[in-house]
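# Notes for the structure review
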Amino acid sequence: MTGARVLVAGGGGIGGACALAYAAAGASVAVVDREQSVLDAVAVAFDEAGVACELLRADLTEHGAGARVVADAVERLGGLDVLLHAVGINDRRPILAFTEDEWDHILRVNLSTLFGLAQAAGRHMVEQRSGRILALSSVSGLLAHHSHGPYAASKGGINQLLRVMAREWADAGVTVNALAPGYIETPLTAGELAKPGKRESLEGLVPAGRLGTPEEVTGPALFLSSRHAGFITGHVMYIDGGRTLV
Ligand SMILES: NC(=O)c1ccc[n+]([C@@H]2O[C@H](COP(=O)([O-])OP(=O)(O)OC[C@H]3O[C@@H](n4cnc5c(N)ncnc54)[C@H](O)[C@@H]3O)[C@@H](O)[C@H]2O)c1
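Keep in mind that this is a model prediction, so the values were computed, not measured.

## Topic: the sheet that holds strand β2 (residues 28-33)
- With parallel pairing, the 7 strands of this open sheet are ordered in space as β3-β2-β1-β4-β5-β6-β7. Only two strands of the sheet have a single partner each, and these edge strands are β3 (54-57) and β7 (236-239). Across this sheet, the average inter-strand angle for adjacent strands is 20 degrees, counted without regard to direction.
- Sheet topology note: the strand β5 (residues 131-136)/strand β6 (residues 174-181) ladder contains 6 bridges and is parallel.

See below:
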């Protein structure tokens, strides 16, 4: 990854860990997030690791934000070789409980922000005839988890969007893939895991018998972003301790 210019969207548990791993592997990294507190935590982690990072603050649901952020990252990094989309929210309620506005919001955060960013990054990468785009999908894009309606739909949408992008941009040397984790311990899942008995019941669903860590997503992210993965495109890679086997 030495010399690669990487934009990570979403600097939370998984995005933050991947950003640090890219930098440790020699990449120049920019991180964009809506929350200043998240960017502050990324800055501390990068400082502690002795590596540099460009921090961009934006609400990616705003119209045109994807194009603006990609342009900013290209300017600050001197180009763009990798986009990792790790933006996501969840709202665990049954489908009958959602309003249309709530549905729209989850789809906008999880799926439309990928469209905006990946379209702008893809435009740049197709022009330079190389690039890697990675999106965080989920096992929820495949399995029918109860109380995950909008989230699951957004992840299924990511899986299909990336396949079309992968097909359209393959002849320009741009690969598009997804990482689909099972339960990983991050701020996104902290509230759920704090509920009595929840951790044990979730662990019981995983053949590996445990939940994953953000660091366990970084290796697949680095691999799929590297020159070693130049002929892999349109894939959804499950990182789930076997969760989707059962
Ligand atoms: N943690 C898990 O168990 C798990 C499992 C499967 C998939 N995922 C996916 O991985 C990705 C990262 O999840 P995470 O666990 O690191 O969550 P996280 O909450 O730690 O990080 C998500 C980040 O997205 C940012 N964000 C949300 N809305 C935004 C917006 N409008 N504009 C800019 N930034 C915004 C948040 O501020 C947050 O920092 C998500 O797509 C999530 O669905 C997570």
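Further notes follow.
## Some details on helix α4 (residues 100-128)
- Along its 29 residues, α4 runs 40 Å from first to last C-alpha, staying within 8% of the 42 Å computed at 1.5 Å per residue.
- Backbone geometry just downstream of α4 places arginine 129 in the positive-phi region, at approximately 60 degrees.

## Description of the packing of helix α3 (residues 65-77) against α4
- Axis separation between α3 and α4 bottoms out at 7 Å; the angle between their running directions is 45 degrees. In terms of axis orientation, α3 runs oblique to α4. Between α3 and α4 lies a crossing of right-handed hand. Packed against α3, whose contacting residues are Gly66, Ala67, Val69, Val70 and Val74, the element α4 presents Gly116, Leu117, Ala120, Ala121 and His124 at the interface.
- Here the residues of the contact of α3 with α4 sort into 7 nonpolar, 3 polar and no charged.

## Describing the UniProt feature "domain: Ketoreductase" (unreviewed entry) in the protein
- As annotated in UniProt, the feature "domain: Ketoreductase" (unreviewed entry) corresponds to residues 4-182 in the numbering used here.
- The annotated region residues 4-182 carries 50% helix and 18% strand content, and the separation between its end C-alpha atoms amounts to 28 Å.

## Concerning the pairing of β3
- In the sheet, β2 pairs with β3 via 4 bridges, with the strands oriented parallel. From the neighbouring strand, valine 31 faces β3, where its bridge partner is leucine 55.
- With helix α2 (residues 36-49) bridging β2 and its parallel neighbour β3, the resulting β-α-β unit is right-handed.

## Comments concerning the environment of threonine 189
- By the secondary structure assignment, threonine 189 is in helix α6 (residues 187-193).
- On the basis of relative accessible area, threonine 189 is assigned to the buried category, the value being 7%.
- Taking the C-alpha atoms as reference points, threonine 189 and glycine 13, 176 residues apart in sequence, are found 9.7 Å from one another.
- Residues contacting threonine 189, with those up to four places away along its chain left out, are Arg92, Tyr183 and Ile184.
- A distance of 2.7 Å separates the side chain of threonine 189 from the backbone oxygen of isoleucine 184, its partner in a polar contact.

## Focus: the site of the ligand
- Every one of the 28 residues lining the ligand counts as a neighbour, but Ile14, Asp33, Tyr151, Ile184 and Thr186 are closest to it.
- In this structure, isoleucine 14 approaches the ligand through a main-chain N or O atom, which is 2.8 Å from an oxygen atom.
- In this structure, a nitrogen atom belonging to the ligand sits 3.0 Å away from a main-chain N or O atom of leucine 60.
- For the ligand, the protein covers 95% of the area, taking 820 Å² as the surface of the free molecule.
- Those elements that provide at least two residues to the shell around the ligand are α1 (13-24), α5 (149-169) and α6.

## Some points on the pattern of salt bridges
- On inspection of all chains with the given rule, the structure shows 11 salt bridges.
- A salt bridge links glutamate 54 to arginine 76, with the nearest nitrogen and oxygen atoms 3.0 Å apart. Here arginine 76 lies in helix α3 and glutamate 54 lies in strand β3, a separation of 22 residues in the sequence.
- Using a relative accessible area of 27% as the deciding quantity, one classes glutamate 54 as partly exposed.
- The residue lysine 198 makes a salt bridge to glutamate 192 at a minimum N-O spacing of 3.5 Å.
- Residue classification places lysine 198 among the partly exposed residues on the basis of a relative accessible area of 27%.
- When its relative accessible area of 10% is taken as the criterion, glutamate 192 is described as buried.
- Here the salt bridges do not stand alone but share partners, grouping Glu54, Asp72 and Arg76 into one network.

Here is what the cut-offs are and how they apply
- Residues numbered from 1 in each chain as written.
- Predicted model: local features only at pLDDT ≥ 70, side-chain atom pairs only at ≥ 80, totals over all residues.
- Heavy atoms only, no water.
- Pairing = 2+ DSSP bridges.
- Helix = DSSP H or I, 4+ residues; strand = E, 2+ residues; numbered from the N terminus.
- Axes fitted to C-alpha atoms, helices over the stretch in contact; angles between N-to-C directions.
- Expected span 1.5 Å × (residues − 1).
- Parallel < 35°, antiparallel > 145°, perpendicular 65-115°, else oblique.
- Left-handed = near helix turned anticlockwise from the far one by under 90°.
- Contact = heavy atoms within 4.5 Å.
- Nonpolar A, V, L, I, M, F, W, Y, C, P; charged D, E, K, R; others polar.
- UniProt positions renumbered as here; feature names shortened; annotations may be inferred.
- Right-handed = clockwise from strand over helix to strand, strands pointing away.
- Buried < 20%, exposed > 50% of the residue type's maximum accessible area, 1.4 Å probe, protein only.
- Polar contact = N/O pair within 3.5 Å; in protein donor to acceptor, adjacent residues only side chain to side chain.
- Near = heavy atom within 4 Å.
- Areas by Shrake-Rupley, 256 points an atom, 1.4 Å probe, with all protein chains shown as cover.
- Salt bridge = Lys/Arg side-chain N within 4 Å of Asp/Glu carboxyl O.

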